[in-house]
Amino acid sequence: MDMPFDTHNLRPKRIALFSGNYNYVMDGPVRALNTLVGFLEEQGIEVLVFAPTAKKAAFRHKGTLVSIPSIALPGSRSEYRLGLGLPRRVKRQLEAFQPDLVHLAAPDILGWRALSWAKKHKVPAVASFHTRFDTYGRYYHLGWLEKYVTALMRKFYHRCEQVYVPSECMKEILAEQDMAPDLRIWSRGVDTEQFNPGRRDTKWRRENGIADGDVVISFVGRLVLEKGLGVFADTLDELKRRGVPYKALIVGDGPERERFGERLPEAVFTGYLQGDALARAYASSDIFFNASITETFGNVTLEAMACAVPAVCADATGSRSLVSSGENGYLVEPGNITAFADRLQTLITDTALRETMSATCLAMSADRTWDAVLNRLLENYGEAVAKYPDRAWKGAQRQDFSAAE
């Protein structure tokens, strides 16, 4: 019978990954999960991904994906889907796959069902913390829900062997909340071959109505309220009121696209970009502005830094782990429009300071490679698997899942 792991090397051989989104909307968590799956497969580890799917995928995903029954979320977040659990066919696939480890990416219905399945079959379950779901209600007039969501999340993560968070500051906050008994760092890396200052394109800037002397303030991300769009727009209005010249570049799409466009009628909107086109947009801007307080890491901020673009960010989780205020950008009190405008104005008007910070961004992002980050995560996996040395699969004959569903 196949051993669930090599007794000389406690790395898992088969991992079942459960996520609420894996290929139908491109966002930071999805980028991290796809990068992880690609890395694991390169290490010879089989991965089976269980997630909702849409009629049209946003990109070509990594690994083998099993579609989970789902419904679109109501209201303004209808582009996201809610997995409805584990139907019998999926449970049969899981038992046939015989995973050594279950990795949960969200405390949603699918995550809870997968966690229960893992407990029943004595498979170690770990989780990665990608999104501060507890804060979302603040943006949709449902702030009263926060304490209940936090309590539910705490119950979920306390049942996991390990919980991976992307930054030390996020770990500290979750530890204060007693969110999980074993919190560990799974940071994020950046592909500097793709994201680098050499991607700056003067011709592309001109084609988008950006003059050579314009200082470009960029936003990259989903156009949703919790990304701090209101603060972003209010701050640019304040700069305009002061007579400070700038050009706004908005990269991304989402349910707030029309309303955001009305707030910033002179901005350049590129829509959703990826790959080289995204790297070109970062590198062709001069200042990156991220007012969000819901980030757990801030992949977009790191990608901007790799392109030598200093960042002005809300002093909150995620950004706090990347921006050293006064060195490679500025951290600002969340929601403080005047302070955000002050910092942006300083960078817009002080070319020498901006160039110094650009060089610091480049240096600080150089050692954040994906290989180093993911090898450490693999070591954590091994520790989780080692806690279940006597587990043995019974029943279903293991099947080959090398072909995509």
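It should be emphasised that the depicted structure is a prediction, and the values quoted were computed from it without experimental measurement.

A. Layout of the confidence of the model for the chain. On average, the chain scores 90 in pLDDT, and the residues at 70 or more come to 90%. Residue range residues 1–8 is modelled with pLDDT below 50. Its contacts to residues more than four positions away, or to other chains, number 17 contacts.

B. Structural detail: the packing of aromatic side chains. Enumeration over the complete set of coordinates arrives at 14 aromatic pairs. Measuring from centroid to centroid gives 4.8 Å for Phe 18 and Phe 50, while their planes differ by 10°, and the two rings are stacked. Placement of Phe 18 in strand S3 (residues 14–18) and of Phe 50 in strand S4 (residues 46–52) is noted, with a sequence separation of 32 residues between them. Its relative accessible area of 2% is what places Phe 18 among the buried residues. Ring plane angle 75° and centroid distance 5.8 Å describe the contact between Phe 195 and Tyr 282, whose orientation is recorded as edge-to-face. Separated by 87 residues along the polypeptide, Phe 195 in the loop between strand S11 (183–185) and helix H6 (202–207) and Tyr 282 in helix H9 (residues 275–283) bring together distant segments of the chain. Members of the aromatic cluster, connected to one another through ring pairs, are Phe 219, Phe 232, Phe 260, Phe 269, Phe 289 and Phe 340.

C. Spotlight on the sheet that holds S4. With parallel pairing, seven strands are arranged side by side in an open sheet as S5-S4-S3-S8-S9-S10-S11. Each edge of the open sheet carries a strand with a single partner, namely strand S5 (64–68) and S11. Across the sheet, the axes of successive neighbouring strands diverge by a mean angle of 25°, strand direction being ignored. For strand S9 (residues 125–128) and strand S10 (residues 162–165), the ladder comprises three bridges, and the chain directions are parallel. If you follow Ala 127 over to S10, its bridge partner there is Val 163. Running over the sheet, helix H5 (residues 168–176) touches S10 and S11 and is turned about 175° from S11.

The rules behind the values
Residues numbered from 1 in each chain as written. Predicted model: local features only at pLDDT ≥ 70, side-chain atom pairs only at ≥ 80, totals over all residues. Heavy atoms only, no water. pLDDT = per-residue confidence, 0-100. Contact = heavy atoms within 4.5 Å. Phe/Tyr/Trp six-rings, centres within 6.5 Å; stacked < 30°, edge-to-face > 60°. Helix = DSSP H or I, 4+ residues; strand = E, 2+ residues; numbered from the N terminus. Buried < 20%, exposed > 50% of the residue type's maximum accessible area, 1.4 Å probe, protein only. Pairing = 2+ DSSP bridges. Axes fitted to C-alpha atoms, helices over the stretch in contact; angles between N-to-C directions.

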